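# Fold and geometry: a report
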Amino acid sequence: MSDETETRQRADIQALLRAHAAFYEAFATRDFTTMQAIWAARLPIACIHPGWGALVGREAVMASWRTILANPSSPTLAVDLIDVTVYDSTARILAYERINDAVLIATNLLAREDGAWKIVHHQSGPTPPPTEYATVPPHRLN
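These notes cover the structure that comes with them. (Residues numbered from 1 in each chain as written. Predicted model: local features only at pLDDT ≥ 70, side-chain atom pairs only at ≥ 80, totals over all residues. Heavy atoms only, no water.)

As for its placement among the helices and strands, Glu 113 is situated in strand E5 (residues 102–113). Among buried Asp, Glu, Lys and Arg side chains, Glu 113 stands out as unpaired, with Arg 42 the closest opposite charge at 4.4 Å. A distance of 2.8 Å separates a polar atom in the side chain of Glu 113 from the backbone nitrogen of Arg 42. What Glu 113 contacts, discounting residues up to four positions off in sequence, is Ala 40, Ala 41, Arg 42, Leu 43 and Lys 118. (Helix = DSSP H or I, 4+ residues; strand = E, 2+ residues; numbered from the N terminus. Buried < 20%, exposed > 50% of the residue type's maximum accessible area, 1.4 Å probe, protein only. Lys, Arg positive; Asp, Glu negative; His and termini not counted. Salt bridge = Lys/Arg side-chain N within 4 Å of Asp/Glu carboxyl O. Polar contact = N/O pair within 3.5 Å; in protein donor to acceptor, adjacent residues only side chain to side chain. Contact = heavy atoms within 4.5 Å.)

Here's what the structure looks like:
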């Protein structure tokens, strides 16, 4: 691998981690404007919240986030990164979401849109608490 390729891949990982952190920060601060900006605007998007059916398309996904973020009793959460994998112009991030005493596992898919990493899919659902974290290095490139 050339130094240039390695440098580009490191920059991609850092940009992905910033986008991932911004998503959870927008959730934590109930910032709908930022949440809208984090999601792809032109690429097809989908979201599956815990206990919900599939939401497909920007209008449905953003309406769900507007409702969730407007609710003052929406839970707060902590996030533990499990794995980041980059596939050229798409990426997958796996994370544990801890909400009160519940543990969820989340998959966030991101794609490049106008040179920036944007979320195109988020799915989160219940999982047993991890006994230990994944042994896979958290910044793997394919």
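Additional details are given in the paragraphs that follow.
Our focus in this paragraph is helix H3 (residues 58–70). For an α-helix, the turn length of 3.6 residues means that residues three or four places apart are oriented alike. The end-to-end C-alpha distance of H3 is 18 Å, a good match for the 18 Å that 13 residues give at a rise of 1.5 Å each. Taken residue by residue, H3 has Val 61, Met 62, Ser 64, Trp 65, Ile 68 and Leu 69 as its buried positions. The arc that holds every buried residue of H3, seen down its axis, measures 155°, which confines them to one face. The outward face of H3, more than 90 degrees from its buried face, is lined by the exposed residues Glu 59, Thr 67 and Ala 70. Buried residues in H3 make contact with helix H1 (3–29), helix H2 (32–38), strand E1 (46–48), strand E2 (55–56) and strand E6 (116–126). (Expected span 1.5 Å × (residues − 1). Arc of directions from axis to C-beta.)

What follows concerns the pairing of E6. Where burial is concerned, most of E6 is hidden: 8 out of the 11 residues are buried. Inspection of the sheet shows E1 paired to E6 by 3 bridges, in the parallel sense. Residue pairing in the sheet places Ile 48 in a bridge with Gln 123 of E6. Bridging between E5 and E6 involves 10 bridges; their strand directions are antiparallel. Each residue of the ladder has a partner; that of Thr 107, found in E6, is Gln 123. (Pairing = 2+ DSSP bridges.)

Now for the layout of surface pockets. Here the largest pocket defines a volume of roughly 280 Å³. Along the wall of the largest pocket there are 17 residues; nearest its centre are Phe 27, His 49, Pro 50, Ile 68 and Ile 99. Secondary-structure elements contributing two or more residues to the lining of the largest pocket are H1, H3, strand E4 (90–99) and E6. Looking at which element gives the most residues to the lining of the largest pocket, the answer is H1, with 3 residues. Class assignment for the residues of the lining of the largest pocket results in 11 nonpolar, 5 polar and 1 charged. (1 Å grid on protein atoms, 1.4 Å probe; cavity = no way out; pocket = protein on both sides within 12 Å on 5 of 7 lines; lining within 4 Å. Points joined across faces, edges and corners; volume = space filled by probe spheres on them. Nonpolar A, V, L, I, M, F, W, Y, C, P; charged D, E, K, R; others polar.)

Helix length check: H1 (27 residues) gives 38 Å between terminal C-alpha atoms against 39 Å at 1.5 Å per residue, within 8%. For H1, the complete set of buried residues consists of Gln 9, Asp 12, Ile 13, Leu 16, Ala 19, His 20, Phe 23, Tyr 24, Ala 26 and Phe 27.

Before going further, it helps to spend a moment on the environment of Ile 119. Mapped onto the fold, Ile 119 is located in strand E6. Beyond its immediate sequence surroundings of up to four residues, Ile 119 is in contact with Phe 23, Ile 38, Trp 39, Ala 40, Ile 45, Leu 109 and Leu 110.

Let us look at unusual backbone geometry. In most cases, non-glycine residues show a negative phi, while peptide bonds are predominantly trans. Of note, Arg 30 is a non-glycine position whose phi angle comes to about 55°, a positive value. You can call Arg 30 partly exposed: its relative accessible area is 24%. Residues other than glycine seldom take positive phi values, yet Asp 88 does so here, at roughly 55°. Position of Asp 88 relative to the elements: it lies in the loop between strand E3 (78–87) and E4.

Inspection of the entire model under this criterion finds 4 salt bridges. The salt bridge involving Arg 112 is made with Asp 12; its shortest N-O contact spans 2.7 Å. Here Arg 112, found in strand E5, pairs with Asp 12, found in helix H1; they are 100 residues apart in sequence, far enough to count as distant. The exposure class assigned to Arg 112 is partly exposed, which follows from its relative accessible area of 33%. Given a relative accessible area of 9%, Asp 12 falls into the buried group. Asp 83 is the salt-bridge partner of Arg 92, the closest N and O atoms lying 2.7 Å from each other.

Just distances and angles here, no functional claims.
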